[in-house]
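# Overview (structure and organization)
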Amino acid sequence: MSTHDITVTVNGTATSASVEARRSLADFLRHDLGLVGTHIGCEQGACGACTVLIGGRSVRSCIMFAVQADGAEIQTIESLAPGADLHPLQEAFRRHQGLQCGFCTPGMLLRGLELISDNPDLTAEEAREGISSNMCRCTGYQYIVDAVLDAAAEMRAEED
Amino acid sequence: MKSPPFEYHRAGSAAEAAALLGELGFDARILAGGQSLIPLMNLRLAAPAYLVDITRAPDLAGIGADGGGLHIGAAARQRTVELHTDTLATAPVLSDAISNAGQVPVRHQGTVVGSIAHADPSAEVPAAFKAQGGTVTAQGSGGTREIPSEDFFEGYFTTALAEGELVTAVTVDAWPAGTGHGFLEFSVTAESWPIALAAVLIHTSGGKIDRASVVLGGVAEVPLRRPEAEAILVGSTPSAEAFEAAAEAAAAGIEPLSDSFGSGAYRKKLARVLTRRALTTAAERAGGKA
């Protein structure tokens, strides 16, 4: 066992902490920083509920140790709507009923955000393939695809 | 579940990683992307006492092609390699294999060399690497050595690496112009492991195949070369008949195990069909007729 001092930037705020080597990034975010929006499903990298963005890229925080993230810029679901107004992607999920139980939603939203920022004009096929990284046991995915496409259109319009 | 406790070390270079492995002994493992190792630790199927993180070592980060082939450092991430122009130009079969491996978020973190060193006989990357051919560069406290891809995989999760050695890089050999590749796998869902896969390359010259490589995954304890299939292909004109005969030969003599995803007989059938289809695609890409 070993402990390590790490510094990470989470949602724009630099944070230093001492972590046990085996502390997963997901547990670090939830238990040490209190950011419980990151959900933990399978703890073996299969379900995607724990997805966070590191340097804008989606990763599974349950199969990454916090010590590996030392120096990283991390974005969690808490960053999407810091105030009272929902992010356009969250609003689209609400409008299209892209969630039921909500367990996969933080991961879906961050993966959706990455897909839209990679390709603002993504097709339904690309959205479907893109979110195949994340499991949802409620919606059957169709409403999530609808929400991602609608949000992409809205975000394109905002750009213009 | 959570990983069991371990001691974490960070290597600043390949030499430092090799020295740490030598010093820490048999219970030390290399940590690169961790996308195979950490799930195994969380499931308590692996419990190394020491992990040596190599992802910060600048001399392991590189990727690039020269005349001899594509060089991939041990810290290069799968997604980076998958999309790299040098991979697409020099080893497109590897790019296809990576695009089928895991999910994009896993590929952001996982490494190509890590997948090869992990040596899962069902995995995409080892099969594509063996199909195109190349060398593994291993470094230990005694120095470095080159291991041909053909000799690297020895059994389930078992390689020719000696204790105290790590893979610092792999080089994928370049094939000449006129080469086509095919990579196909069958899995139940986007998330699940391939039940069987085929990775093939053919080179045509003057309307005939003069070089062929056929490797199957998921059907044996290593990515499995099929020399009988290759012998049928070399000298043949690309045709549906030749590909059917080669696919038959590829599936003949293999004895895949059964599991909850498919029986051995089903895998054998998949091996034949996937090989035939992969060869057909390879011929189209090589510029021949199928």
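Being a predicted model, the structure only gives us computed values, none of them experimental. (Residues numbered from 1 in each chain as written. Chains lettered and ligands numbered in written order. Predicted model: local features only at pLDDT ≥ 70, side-chain atom pairs only at ≥ 80, totals over all residues.)

### A short note on the overall build of chain A
Tallying secondary structure elements over chain A gives five helices and five strands in all. The secondary structure elements of chain A, listed N-terminal to C-terminal, are β-β-α-β-β-β-α-α-α-α. Oriented by its inertia axes, the alpha-carbon framework of chain A measures out at about 45 × 35 × 25 Å. Sorting the 160 residues of chain A into buried and exposed places 48% on the buried side. Relative to all contacts within chain A whose residues are 6 or more apart in sequence, the contacts with residues 24 or more apart total 57%. (Helix = DSSP H or I, 4+ residues; strand = E, 2+ residues; numbered from the N terminus. Buried ≥ 20, exposed ≤ 12 C-beta atoms within 10 Å, placed from the backbone. Contact = placed C-beta atoms within 7 Å.)

### Thoughts on the domain arrangement of chain A
All names here are of chain A. For chain A, the assigned domains read domain 1 (3-79) and domain 2 (88-159). Taken over C-alpha atoms, the centre of domain 1 sits 22 Å from the centre of domain 2. Opposite the 13 residues of domain 1 that make contact, domain 2 presents eleven residues. If one sorts the elements of the side of domain 1 that touches domain 2 by residue count, strand E3 (residues 51-54) sits on top with three residues. Residues belonging to the side of domain 1 that touches domain 2 are distributed by class as follows: six nonpolar, seven polar and no charged. (Domains from an automatic or database assignment. Nonpolar A, V, L, I, M, F, W, Y, C, P; charged D, E, K, R; others polar.)

### Considerations on helix H8 (residues 124-132) of chain B
All names here are of chain B. For H8, the buried fraction is high: nine of the nine residues fall into the buried class. Listed as buried for H8 are Glu124, Val125, Pro126, Ala127, Ala128, Phe129, Lys130, Ala131 and Gln132. Directly after H8, the chain includes Gly133, whose backbone phi takes a positive value near 85°.

### A word on the sheet that holds strand E2 (residues 13-20) of chain A
All names here are of chain A. The strand order E2-E1-E5-E3-E4 describes an open sheet built from five strands, whose pairing is mixed. The sheet terminates laterally at E2 and strand E4 (57-60), the two strands that pair on one side only. For this sheet the average axis-to-axis angle between neighbouring strands, irrespective of direction, equals 40°. (Pairing = 2+ DSSP bridges. Axes fitted to C-alpha atoms, helices over the stretch in contact; angles between N-to-C directions.)

### Looking at the packing of helix H11 (residues 240-251) of chain B against helix H12 (residues 264-286) of chain B
Packed helices, taken two at a time, are described by their axes: the angle between them and the distance between them. Residue and element names in this part refer to chain B. Interaxial distance between H11 and H12 falls to 8 Å at its minimum, and their mutual angle equals 145°. By crossing handedness, the relation of H11 to H12 is classed as right-handed. On the side of H11, the interface is formed by Phe243, Glu244, Ala246, Ala247, Glu248, Ala250 and Ala251, while H12 contributes Lys268, Ala271, Arg272, Thr275, Arg276, Leu279 and Thr280. For the contact of H11 with H12, the residue count by class is seven nonpolar, two polar and five charged. (Left-handed = near helix turned anticlockwise from the far one by under 90°.)

### Observations concerning the pairing of strand E4 (residues 63-66) of chain B
The side chains of a regular strand alternate between the sheet's two faces. Here E4 of chain B pairs with strand E5 (residues 69-73) of chain B via four bridges, running antiparallel. The partner of Asp66 of chain B across the bridge, within E5 of chain B, is Gly69 of chain B.

### With respect to the confidence of the model for chain B
Taken residue by residue, chain B gives an average pLDDT of 96. The fraction at 70 or more is 99%. Across the predicted assembly, pTM comes out at 0.96 and ipTM at 0.96. (pLDDT = per-residue confidence, 0-100.)

### With respect to the environment of Arg60 of chain A
Counting through the fold element by element, Arg60 of chain A comes out in strand E4. Considered as a pair, Arg60 of chain A and Ala26 of chain A are 34 residues apart in the sequence and their alpha carbons are 8.3 Å apart. Setting aside residues no more than four positions away along its own chain, Arg60 of chain A makes contact with Gly45, Gly48, Cys50 and Thr51 of chain A together with Pro105 and Val106 of chain B.

### Considering the sheet that holds E5 of chain B
Where strands meet in a sheet, backbone hydrogen bonds hold them as pairs that are either parallel or antiparallel. All names here are of chain B. Spatial ordering of the open sheet is given by E4-E5-E10-E6-E7, a layout of five strands whose pairing is antiparallel. Either end of the sheet is taken by a strand with one partner, and the two such strands are E4 and strand E7 (143-148). When the angles between neighbouring strand axes are averaged without regard to direction, this sheet yields 20°. Bridge analysis of E5 against strand E10 (residues 166-173) gives five bridges, and the strand direction is antiparallel. Opposite Ile72, over in E10, you have Val170 as the bridge partner. Contacting strand E6 (134-140) and E10, H8 crosses the sheet at an angle of about 50° to E10.

### What to know about the interface of chain B and chain A
Between chain B and chain A, the residue contacts involve 23 residues of the former and 22 residues of the latter. Secondary-structure elements contributing two or more residues to the side of chain B that touches chain A are strand E1 (7-10), helix H2 (37-42) and helix H6 (104-109) of chain B. A breakdown of the residues in the side of chain B that touches chain A according to their chemical character gives twelve nonpolar, seven polar and four charged.

### Overview of the nonpolar core
Residue and element names in this part refer to chain B. Ala17, Val52 and Ala199 are the most contacted members of the largest nonpolar core, which has 137 residues in total. Broken down by element, this core gets its largest block of residues, eight residues, from H12. Discounting chain neighbours no more than four positions away, the residues touching Ala17 are Ala11, Ile30, Val52, Ile54, Ala57 and Leu166. (Core = buried A, V, L, I, M, F, W, Y, C linked by C-beta atoms within 7 Å.)

### Considerations on the domain arrangement of chain B
Quite often, the size of an interface is put as the accessible area lost when its parts meet. Residues and elements named next belong to chain B. Entries for chain B in the domain assignment read domain 1 (7-53), domain 2 (59-173) and domain 3 (179-286). Taken over C-alpha atoms, the centre of domain 1 sits 18 Å from the centre of domain 2. Contacts between the two partners involve 13 residues from domain 1 and, on the opposite side, 20 residues from domain 2. Broken down by element, the residue count for the side of domain 1 that touches domain 2 peaks at six residues, all from helix H1 (residues 14-24).

### Brief notes about the environment of Leu37 of chain B
Residue and element names in this part refer to chain B. For Leu37, the position within the fold is in helix H2. Sequence separation between Leu37 and Ser115 is 78 residues, and the spatial gap between their C-alpha atoms is 9.9 Å. If we skip the residues at most four places from it in the chain, Leu37 touches Arg29, Leu31 and Ala46.

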